[in-house]
Amino acid sequence: MTLATPATMPAPGLVAATPGSLKVGIPREIFSGEQRVAMTPDTAKKLQKLGFELYLETGAGIAAGFTDQAYQAAGCEVLPDAPGLWATADIILKVRAPQWCPSLACHEADWLSPDKTLISFIWPAQNADLMERLAHQGATVLAMDAVPRITRAQKLDALSSMANIGGYRAVIEAAHQFGRCFTGQITAAGKMPPARVLVIGAGVAGLSAIGTARSLGAMVKAFDTRPTVKEQVQSMGAEFLELHFQEDGSGDGGYAKVMSPAFIAAEMALFAQQAREVDIIITTALIPGKPAPKLITREMVEAMKPGSVVVDLAAEQGGNCEVTEPGQITTYQGVTIIGLTDLPSRMAAQASQLYGNNLYHLLTDLGGSDQFAINLEDEVVRSVTVIHRGEVIWPAPKPPAPLPPTQPTGTTPVIKDSSAPAGPGLGSQMVWWIAIGLAFIAMGRWAPPSFLTHFTVFVLASFLGWKVIWDVTPALHTPLMSVTNAISGIIIIGGMLQISGDLTSPMTILGALALFLGTVNIAGGFMVSHRMLNMFRR
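What counts and how
All residue numbers refer to positions counted from 1 along the written sequence of the respective chain. Local features in this predicted model are restricted to residues of pLDDT 70 or higher, and side-chain atom pairs are both shown and tallied only at a pLDDT of 80 or more, whereas totals for entire chains, interfaces and linings draw on every residue. With hydrogens and water set aside, each side-chain value is computed from the structure's full complement of heavy atoms. Grouping into patches uses exposed residues only, defined as over 30% relative accessible area, and leaves out salt-bridged ones; the cut-off is 9 Å for like charges and 5 Å for nonpolar side chains (Val, Leu, Ile, Met, Phe, Trp, Tyr). Note on areas: these come from Shrake-Rupley sampling with a 1.4 Å probe, and a residue is covered only by the protein chains present in the view. What makes a salt bridge here is a side-chain nitrogen of Lys or Arg within 4 Å of a carboxyl oxygen of Asp or Glu, nothing more. By definition, any uninterrupted DSSP run of H or I lasting at least four residues is a helix, any uninterrupted run of E lasting at least two residues is a strand, and each is numbered from the N terminus. For the exposure calls, accessible area comes from a 1.4 Å probe over protein chains only, and a residue counts as buried if that area is under 20% of its type's maximum, exposed if over 50%, partly exposed in between. Here a strand pair is declared whenever DSSP counts at least two bridges between the two strands. Contacts are assigned to residue pairs that have any heavy atoms within 4.5 Å of one another. Here an angle of 0 to 180 degrees is reported between the N-to-C directions of two axes, which are lines fitted to C-alpha atoms, with helices fitted over the stretch in contact. Left-handed describes a crossing whose near helix is turned anticlockwise from the far helix by less than a right angle; the clockwise case is right-handed. We call a set of buried residues a nonpolar core when its members are Ala, Val, Leu, Ile, Met, Phe, Trp, Tyr or Cys and they connect through side-chain atoms within 4.5 Å of each other. Count a disulfide wherever a pair of cysteine sulfur atoms falls within 2.5 Å. Values of pLDDT, the confidence the predictor places in each residue, fall between 0 and 100. Between the rings of Phe, Tyr and Trp (Trp by its six-membered ring), a pair exists once the centres lie within 6.5 Å; its type follows the angle of the planes, with under 30 degrees stacked, over 60 edge-to-face, and the other angles tilted. Whenever two N or O atoms come within 3.5 Å, that pair is a polar contact, provided that in protein one can donate a hydrogen and the other can accept it, and provided that, for residues adjacent in sequence, both atoms are side-chain atoms.

Here we look at a nonpolar patch on the surface
A surface patch of nonpolar side chains, about 610 Å² in accessible area, is lined by M507, L510, L513, F516, L517 and V520. Relative to the assigned elements, L517 resides in helix 16 (residues 506-534).

Comments concerning the pattern of salt bridges
Following the criterion strictly, the structure yields 18 salt bridges and no others. The closest approach of N and O atoms between D365 and K155, which form a salt bridge, is 3.6 Å. You can see D365 sitting in helix 10 (residues 348-365) and its partner K155 sitting in the loop between strand 8 (140-143) and helix 5 (158-178), a full 210 residues away along the chain. A residue is classified by how much of its surface remains accessible, and D365, at 38% relative accessible area, is partly exposed. One salt bridge connects K305 with D279, and the closest N-O pair in it is separated by 3.5 Å.

Quick notes on the sheet that holds strand 3 (residues 77-79)
Pairing within the open sheet is mixed, and its 8 strands lie in the order 3-2-1-4-7-8-18-19. Because the sheet does not close on itself, it has two edges, and the strands there are strand 3 and strand 19 (391-392). Bridging between strand 4 (residues 91-93) and strand 7 (residues 117-120) involves 3 bridges; their strand directions are parallel. Note that in strand 7 the partner of I92 across the bridge is L118. Helix 10 contacts strand 4, strand 7 and strand 8 of the sheet and is inclined by roughly 140° relative to strand 7.

Focus on the sheet that holds strand 16 (residues 329-332)
Strand order across the open sheet formed by 7 strands is 13-12-11-14-15-17-16, with mixed pairing between neighbours. Sheet topology places strand 13 (239-241) and strand 16 at the edges, where each strand pairs with a single neighbour. Across the sheet, the axes of successive neighbouring strands diverge by a mean angle of 20°, strand direction being ignored. Where strand 15 (residues 309-312) meets strand 17 (residues 335-338), 3 bridges bridge the pair, whose relative direction is parallel. Bridge assignment links V310 to a residue of strand 17, and that residue is I337.

Some thoughts on the packing of helix 5 against helix 6 (residues 204-215)
It is at 7 Å that the axes of helix 5 and helix 6 come closest, and there the two elements cross at 35°. For the element pair helix 5 and helix 6, the recorded crossing hand is right-handed. Together, S160, A163, N164, G167, Y168, V171 and I172 of helix 5 and V204, A205, S208, A209, T212 and A213 of helix 6 make up the contact between the two elements.

Description of the nonpolar core
Among the nonpolar cores identified, the biggest contains 46 residues, and M39, I91, L93, I119, Y355 and L363 are the most heavily contacted of them. Among the elements of the structure, strand 1 (23-26), helix 1 (41-49), strand 2 (53-57), strand 4, helix 5, helix 10 and helix 11 (379-384) are those that each provide at least two residues to this core. Other than its neighbours up to four places away in sequence, Y355 contacts V37, A38, K94, V95, I119, S120, F121, M144, A158 and M162.

Topic: the environment of K46
Along the chain, K46 turns up in helix 1. Among the residues examined, K46 registers a relative accessible area of 32% and is labelled partly exposed. For the pair K46 and G356, spaced 310 residues apart in sequence, the C-alpha to C-alpha distance is 9.8 Å.

Looking at the environment of A349
Tracing the backbone through its elements, the reader meets A349 in helix 10. Note: C-alpha distance between A349 and F66 (283 residues apart in sequence) is 8.0 Å. Setting aside anything within four residues of it in sequence, one finds A349 in contact with A64 and F66.

Some details on the state of the cysteines
Here the structure, examined in full by the defined rule, presents 0 disulfides. In this structure C106 is not part of a disulfide, and its nearest cysteine sulfur, from C101, lies 5.6 Å away.

Here's the deal with the confidence of the model for the chain
On average, residues of the chain carry a pLDDT of 85, and 82% of them reach 70 or more. Between residues 1-19, whose pLDDT stays under 50, and residues either more than four places distant or in other chains, the model counts 37 contacts. Within the model, pLDDT remains below 50 along residues 414-424, and this stretch shows 0 contacts once partners closer than five positions in the same chain are excluded.

Points about the packing of aromatic side chains
In the structure shown here, the tally under the stated rule is 6 aromatic pairs. On the basis of an interplanar angle of 15° and a centroid distance of 5.4 Å, the ring pair of F121 and Y355 is categorised as stacked. Residue F121 is located in the loop between strand 7 and helix 4 (128-136), and its partner Y355 is located in helix 10; the two are separated by 234 residues in the primary sequence. Taking relative accessible area as the criterion, F121 reaches 7% and is therefore assigned buried. Taken together, the ring pairs in this structure connect F121, W123 and Y355 into an aromatic cluster.

A closer look at the side chain of H107
The residue H107 is located in strand 6 (residues 106-107) in this model. A distance of 3.0 Å separates a polar side-chain atom of H107 from the backbone nitrogen of A109. If near-sequence neighbours (up to four positions away) are discounted, H107 is found in contact with P98, Q99, W100, C101, L130 and R133.

Right, here's the structure in full:
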């Protein structure tokens, strides 16, 4: 990658390339058992639209089901070896972090140079030696595991993409080892109860596991230290286990945080109880930059029923289960412990497609080939850039906390005078109340007794109707009014009594009109009620 000349130097914080097509290289992953590839034929077409020239090491996509011919048909050039690819490309896209290559007796990081950019998973907190080695080469390194958990960066979040697949695959592996049906069945030969699954940690992987287990018919329980995920768990049909502690486990970036000793003790007691009841436990608890917390003890495994299964999604960081062996499927006291660390790689084609899309969105945000730039003023780009021109700049500084709202300058606070009248319309309101009071006194003195009787009923009915309607939540107005309109039957009875006299008298005409309107009101009320009730029927 050729840096900008002084005449075209970008603004501070930017590292840009001169106009022209940058070369993107995709090497074959050398990590043992890794089947993913950083680019698929579909994402290759997208990258070409950004102006990149694409180079691929031969056989890079074979393990994921993508042949060299498929890449060539998509416009990629296939190179025979890794050193030639690293030397040709300006930008290297990888899945795994650079490591020692036994066949060539050298480290992949040694193929970098100051004018190149590497984009892959790096895990800087766990790989201090690798970070030092990469910085020594003078290159720029972007870590896909450092994408911030903010809305704008969701399309780049490769960790969530891989965790989603890992959670799904964890249930599939558990179902294979469990050996019994997940869904409950009643047959002529007998009854089969549904499998009972406990998912510890309701992050992306946990929610994916919950959805998969539920779709297979299992009864699922879930636990998380973050109360905010309760509604998400319940919306997927699982039971959320709670501890009665006034402690929130929500940490930075959407991850959980370390809890207090009292909370951990209650948590472990809950897991011990559940271990005796459930058939499958799937653990996903992991705090970035720290070893996986031990949540399932040896005693808990021993208390599980023979044939049960534990899937430890945190096995690569030491595991949440004390008897987990990373990378292995073992049996302990009749319980199968799945400690596989390559669950996304076991669905290589789909995982590669999702990861390739994440890389495509990142390169789009970096400006494509013609305007490629590392803008350190951008929050997302700054977070993923762990090494910049050979200088380690990880971790990214935390964004400043938002300032409290301040009063605009030049304004004078308004101080209300408590001695002033309550409002400008107070005098006119008093006049109205006095007039109404005098009117009532006049009616009581000169109106006939029959009028006073009807007027009293009218006032009470008006007050009752106002209380019935206005004291109810607005969301319930429609069904409530539909039912209470049946009170109009009283009006119908009164109207029928008034039309028994002369048909030409005003009282008879008004009674007939009241009878008609009351009938319409009742019929309409029941019709609306019926339609409202139908909305809640399947």
